[in-house]
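Notes for the structure review
Spelled out, the chains give:
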Amino acid sequence: MDVATDAAGLFATSCAPAILPDETVYSWCARFHRLNGGGNVQATSQLLFGHRTAGLRNDFPFHLAHLHELTRGGVGTLSDLLMRGTLYGFRAPFLPPHARDDIRRYLLYGGRSGEIHRTLGLSRAGLGLTNRLKFCADCVSEQQRQLGFAWWIASHQPPFSFSCRAHYQWLRLGDISLRPGLTDTYCLPELLASVSVANGLHGRMSRCSQLIRLDKWGNYISQQENLQLAGELLRQTYRLQAKTRRWVTFDGYIRPQQLRDAFLAYYGDILQLFPKRFLGDLAGVNGGFLATLLTKNSPLHHPMKHLLLLSFLFETPEDFMAVQAKVMAVHASGGDLAVRSLLRDRAAC
């Protein structure tokens, strides 16, 4: 009897819960683990994913094809597992096609150790909210009252989510003793000490229109499977929009101080939510991450940086798509020189 047959037989004799509305893959695994005695967590991951730690990641669990086959689709389709069970949907649009395919293949079937960290730059992302478990205290209370236990909600986990849409209150971060991305155990929200994601920012989330916009933008990007936001044309789209705000000179160069001041005024105290090392020195001469996103074709950036800039520059995703389409059309007909000429054309916007 082979390993796959052994796993199928053991799973058949286990208690497998139904997936709950908007539940993460990690959460379902935690409930499976608890219902079946809560023993060795790596053994549970081995059973469900065919790998001893693949199922212990809350941000990028991998070997998802094994879980799908073992449960016979009971926790969702492969596409659903990929888009709902991981942060792939938010990451993928900002990856070049070859990297997107590599990450998709890794999440579904596994790969070399550390491959996803190298491709996504996770070790240097500098954003603690990326892979920390988050929950809403009121949701947990309601879940416990209705079903006797709580679970992790998928829409609370992305780095652009700071509040519960149902209760308009700040989310809470799970115990910092959990290792980023990879937990030491399968846990559910009611077992954890927590701190607010507000990080000293006062006032109810419902008053923070900029954060609500970030959430809407993040969800839009995550739900567009074929959206392409990688490469030089994205930078030129930013610059063309900045031109409409008079933050680009007549010869096509960004006015960094004016743009930076407007960015700081727009977000205000909300920037306290992000680590300083993540944003860079926005008040400095170089303008932090804004400079690298706008003035040079730089290496891979965390999508949250793009999201901050997108929400600042564009009123709606539709506005962004229109400007991007214009840049792509000009590039298709005249190449890079035509796009740069567009930035110098006073009548272009």
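**Here we look at the overall build of the protein**
Looking only at helices and strands, one finds 16 helices and three strands in the protein. Relative to its full complement of 349 residues, the protein shows a buried share of 52%. When the accessible surface of the protein is totalled, it reaches about 16100 Å², and 53% of it is carbon and sulfur.

**Considerations on helix 7 (residues 97-109)**
A rise of 1.5 Å per residue sets the reference length of helix 7, with its 13 residues, at 18 Å; its end C-alpha atoms lie 18 Å apart and thus fit the reference within 8%. Where helix 7 is buried, its residues contact helix 4 (64-71), helix 5 (78-85), helix 6 (88-91) and helix 8 (115-120).

**Things to note about the confidence of the model for the protein**
For the protein, mean pLDDT is 86; residues scoring 70 or higher make up 88% of the total. Looking at the elements of the protein, mean pLDDT is at its lowest for helix 8, recorded as 76, and at its highest for helix 4, recorded as 97.

**Concerning the state of the cysteines**
With the rule as written, the count across this model stands at zero disulfides. Free cysteine Cys139: the closest other cysteine sulfur is in Cys164, separated by 3.6 Å.

**A look at helix 12 (residues 256-267)**
Over its 12 residues, helix 12 runs 17 Å from end to end, which matches the ideal 16 Å to within 8%, given 1.5 Å per residue. Listed in full, the buried residues belonging to helix 12 are Leu259, Arg260, Phe263 and Tyr267. End-on view of helix 12: buried residues confined to an arc of 100°, all on one side of the axis. Exposed residues on helix 12 whose side chains face more than 90 degrees from its buried face are Gln257 and Ala265.

**Observations concerning the nonpolar core**
Core analysis: the largest hydrophobic core is formed by 59 residues, its most contacted members being Trp170, Phe263 and Met304. Only helix 10 (209-222), helix 11 (232-244), helix 12, helix 13 (276-279), helix 14 (289-295), helix 15 (303-313) and helix 16 (317-344) provide two or more residues apiece to this core. With 41 residues, the next largest nonpolar core counts Phe49, Ala54, Leu95 and Ala99 among its residues.

**Regarding the side chain of Arg239**
Inspection of the secondary structure puts Arg239 in helix 11. Nearest to the buried, unbridged Arg239 among oppositely charged side chains is Glu232, at 6.5 Å. Filtering out sequence-adjacent residues up to four positions away, Arg239 remains in contact with Val248, Gly252, Tyr253, Ile254, Leu294, Thr295 and Leu343.

**Remarks on the packing of helix 11 against helix 16**
Orientation of helix 11 relative to helix 16, taken along the N-to-C sense of each, is 100°, at an axis distance of 9 Å. Judged by the inter-axis angle, helix 11 sits roughly perpendicular to helix 16. Here helix 11 contributes Leu233, Leu234, Gln236, Thr237, Arg239, Leu240, Gln241 and Lys243 to the contact with helix 16, which in turn contributes Phe320, Val323, Gln324, Lys326, Val327, Met328, His331, Val339, Arg340, Leu342, Leu343 and Arg344.

**Concerning the packing of aromatic side chains**
Counted according to the given criterion, the structure contains 18 aromatic pairs. An angle of 80° between the planes, with centres 5.7 Å apart, marks the rings of Phe162 and Phe274 as edge-to-face. Note that Phe162 is positioned in the loop between helix 9 (137-147) and strand 2 (172-174) and Phe274 in the loop between helix 12 and helix 13, a separation of 112 residues in sequence. Each ring, one from Phe314 and one from Phe320, has its centre 5.2 Å from the other, and the planes form 80°; the classification is edge-to-face. The pair Phe314 / Phe320 is uniform in exposure class, with both members buried. Put simply, the rings of Trp247, Phe263, Tyr266, Tyr267, Phe289 and Phe312 pair up and form one aromatic cluster.

**Let's talk about the sheet that holds strand 1 (residues 134-135)**
Taken in spatial order, the three strands of this open sheet run 1-2-3, and their pairing is antiparallel. In the strand order of this sheet, the two ends are held by strand 1 and strand 3 (194-196), each with one partner. Note: strand 1 against strand 2, two bridges, orientation antiparallel. Bridge assignment links Phe135 to a residue of strand 2, and that residue is Arg172.

**Quick notes on the pattern of salt bridges**
Tallying each qualifying case throughout the model produces eight salt bridges. Note that Asp102 is salt-bridged to Arg105, the shortest N-O span being 2.5 Å. Of this pair, Asp102 and Arg105 both sit in helix 7, three residues apart, roughly one helical turn. Under the relative-accessibility criterion, Asp102 is labelled partly exposed at 26%. Note on Arg105: relative accessible area 44%, which makes it partly exposed. Of the charged contacts in the structure, one is a salt bridge between Arg260 and Asp261, with a shortest N-O distance of 3.3 Å. By relative accessible area, Asp261 is classed as partly exposed at 37%.

Procedures and definitions
- Residues numbered from 1 in each chain as written.
- Predicted model: local features only at pLDDT ≥ 70, side-chain atom pairs only at ≥ 80, totals over all residues.
- Heavy atoms only, no water.
- Helix = DSSP H or I, 4+ residues; strand = E, 2+ residues; numbered from the N terminus.
- Buried < 20%, exposed > 50% of the residue type's maximum accessible area, 1.4 Å probe, protein only.
- Areas by Shrake-Rupley, 256 points an atom, 1.4 Å probe, with all protein chains shown as cover.
- Expected span 1.5 Å × (residues − 1).
- Contact = heavy atoms within 4.5 Å.
- pLDDT = per-residue confidence, 0-100.
- Disulfide = S-S within 2.5 Å.
- Arc of directions from axis to C-beta.
- Core = buried A, V, L, I, M, F, W, Y, C linked by side-chain atoms within 4.5 Å.
- Lys, Arg positive; Asp, Glu negative; His and termini not counted.
- Salt bridge = Lys/Arg side-chain N within 4 Å of Asp/Glu carboxyl O.
- Axes fitted to C-alpha atoms, helices over the stretch in contact; angles between N-to-C directions.
- Parallel < 35°, antiparallel > 145°, perpendicular 65-115°, else oblique.
- Phe/Tyr/Trp six-rings, centres within 6.5 Å; stacked < 30°, edge-to-face > 60°.
- Pairing = 2+ DSSP bridges.

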